[in-house]
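Tertiary structure, described
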Amino acid sequence: MERVHVYLIDLLPASSKRLIACQVMAILLIALIAGSTFGIWQGYNPALYSRDTFLEVHRGAVDGLNTLLPLMGLATMILTLVLTLRSDRHTALRGLYWTTLALLVLAGLITRFANQPINAVVIAWSADTVPANWVEIRDNWWCWHTVRTLVSMAALAGLVTATLAARNEQQG
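Description of the overall build of the protein chain
When helices and strands are tallied, the protein chain shows 5 helices and 0 strands. If you list the helices and strands of the protein chain from N to C, you get α-α-α-α-α. Taken over the C-alpha trace, the protein chain has a radius of gyration of 20 Å; the compact-globule value for 172 residues is 16 Å, which it surpasses by more than 25%. Evaluated residue by residue, the protein chain yields a buried proportion of 35% over its 172 residues. A separation of at least 24 residues holds for 79% of the contacts in the protein chain among residues at least 6 apart in sequence. Surface summary for the protein chain: the accessible area is close to 10,000 Å², and the carbon and sulfur share equals 65%. Positive and negative charge centroids in the protein chain, built from 12 and 10 side chains respectively, lie 11 Å apart.

Looking at the environment of Ile123
By secondary structure assignment, the location of Ile123 is in helix H4 (residues 91-123). A C-alpha to C-alpha distance of 5.7 Å links Ile123 and Arg59, two positions 64 residues apart in sequence. Those residues within four positions of Ile123 in sequence are excluded, and the remaining contacts are Arg59 and Val62.

Thoughts on helix H1 (residues 14-43)
Between its first and last C-alpha, H1 extends 42 Å over 30 residues, near the 44 Å set by a 1.5 Å rise per residue. Buried within H1 are the following residues: Leu19, Ile20, Cys22, Gln23, Ala26, Leu29, Ile30, Ile33, Ala34, Thr37 and Ile40.

A short note on the pattern of salt bridges
Considering all chains together, one arrives at 2 salt bridges under this definition. When the shortest N-O distance is used, the salt bridge between Arg51 and Asp52 registers 3.0 Å. Residue class for Arg51 comes out partly exposed when judged on its relative accessible area of 32%. By relative accessible area, Asp52 is classed as partly exposed at 41%. In this structure, Arg138 and Asp139 form a salt bridge, with 2.9 Å as the shortest nitrogen-oxygen distance. You can call Arg138 buried: its relative accessible area is 7%.

Quick look at a nonpolar patch on the surface
Together, Met25, Leu28 and Leu32 make up an exposed nonpolar region whose accessible area comes to about 260 Å². Mapped onto the elements of the fold, Leu28 is located in helix H1.

Here we look at the packing of H1 against helix H3 (residues 68-86)
Two numbers describe how H1 lies on H3: the axes approach to 9 Å, and their chain directions differ by 145 degrees. Relative to H3, H1 is oriented so that their crossing is left-handed. Within the contact between the two elements, H1 uses Ser15, Leu19, Cys22, Gln23, Met25, Ala26, Leu29, Ile30, Leu32, Ile33 and Ser36 and H3 uses Leu69, Met72, Gly73, Ala75, Thr76, Leu79, Thr80, Val82, Leu83 and Arg86. Residues of the contact of H1 with H3, tallied by class, amount to 14 nonpolar, 6 polar and 1 charged.

Considering the packing of H3 against H4
Two elements in contact, H3 and H4, have axes whose closest approach is 9 Å; the angle formed by their N-to-C orientations is 160 degrees. Taken as axis vectors, H3 and H4 run roughly antiparallel relative to one another. Both H3 and H4 take part in a crossing whose hand is left-handed. Contact residues: H3 offers Pro70, Thr76, Met77, Thr80, Leu81, Leu83, Thr84 and Leu85, while H4 offers Arg94, Tyr97, Trp98, Thr100, Leu101, Leu104, Val105, Gly108, Thr111 and Gln116. For the contact of H3 with H4, a count of residues per class yields 10 nonpolar, 7 polar and 1 charged.

About the cut-offs
Residues numbered from 1 in each chain as written. Predicted model: local features only at pLDDT ≥ 70, side-chain atom pairs only at ≥ 80, totals over all residues. Heavy atoms only, no water. Helix = DSSP H or I, 4+ residues; strand = E, 2+ residues; numbered from the N terminus. Rg over C-alpha atoms; globule rule 2.2 N^0.38 Å. Buried < 20%, exposed > 50% of the residue type's maximum accessible area, 1.4 Å probe, protein only. Contact = heavy atoms within 4.5 Å. Areas by Shrake-Rupley, 256 points an atom, 1.4 Å probe, with all protein chains shown as cover. Lys, Arg positive; Asp, Glu negative; His and termini not counted. Charge placed at Lys NZ, Arg CZ, Asp CG, Glu CD. Expected span 1.5 Å × (residues − 1). Salt bridge = Lys/Arg side-chain N within 4 Å of Asp/Glu carboxyl O. Patch = residues over 30% accessible without salt bridge, like charges linked within 9 Å, V, L, I, M, F, W, Y side chains within 5 Å. Axes fitted to C-alpha atoms, helices over the stretch in contact; angles between N-to-C directions. Left-handed = near helix turned anticlockwise from the far one by under 90°. Nonpolar A, V, L, I, M, F, W, Y, C, P; charged D, E, K, R; others polar. Parallel < 35°, antiparallel > 145°, perpendicular 65-115°, else oblique.

Structure follows, in structure tokens:
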């Protein structure tokens, strides 16, 4: 006798499955972004490093994250826009999604126009060419990173709240 497994997700219409997939992917991506920026914020205070250690660690972080996180952010923005447009009948829910999308865009703008230009400057340095004002440059990057972290965490909270509100509206 063959066992038949019925999963709750299989009972949903295809449009609901796509909506859930968008919600899950958007939350997963923003959670990874917010977690990455939070991890850097808590575990990598560059003020605690010597000049040479800062240079080495910052280069490693830029090499690993400078392209990946912005691409993940763009994907999160697209998914959140889809979720926003799907919520057109629900004014409060749509407002929450729009606010979340605005926070994601703000985090992206901070990355593109504050942190990445500083990253480009820092990775061009060698141990012999670090400028005298390197601490000021480092601290400016850190300030913008802190703002970006807080904005990313707010976007995560907004997206989770909107998703839970959407689930509640569908059930009730």
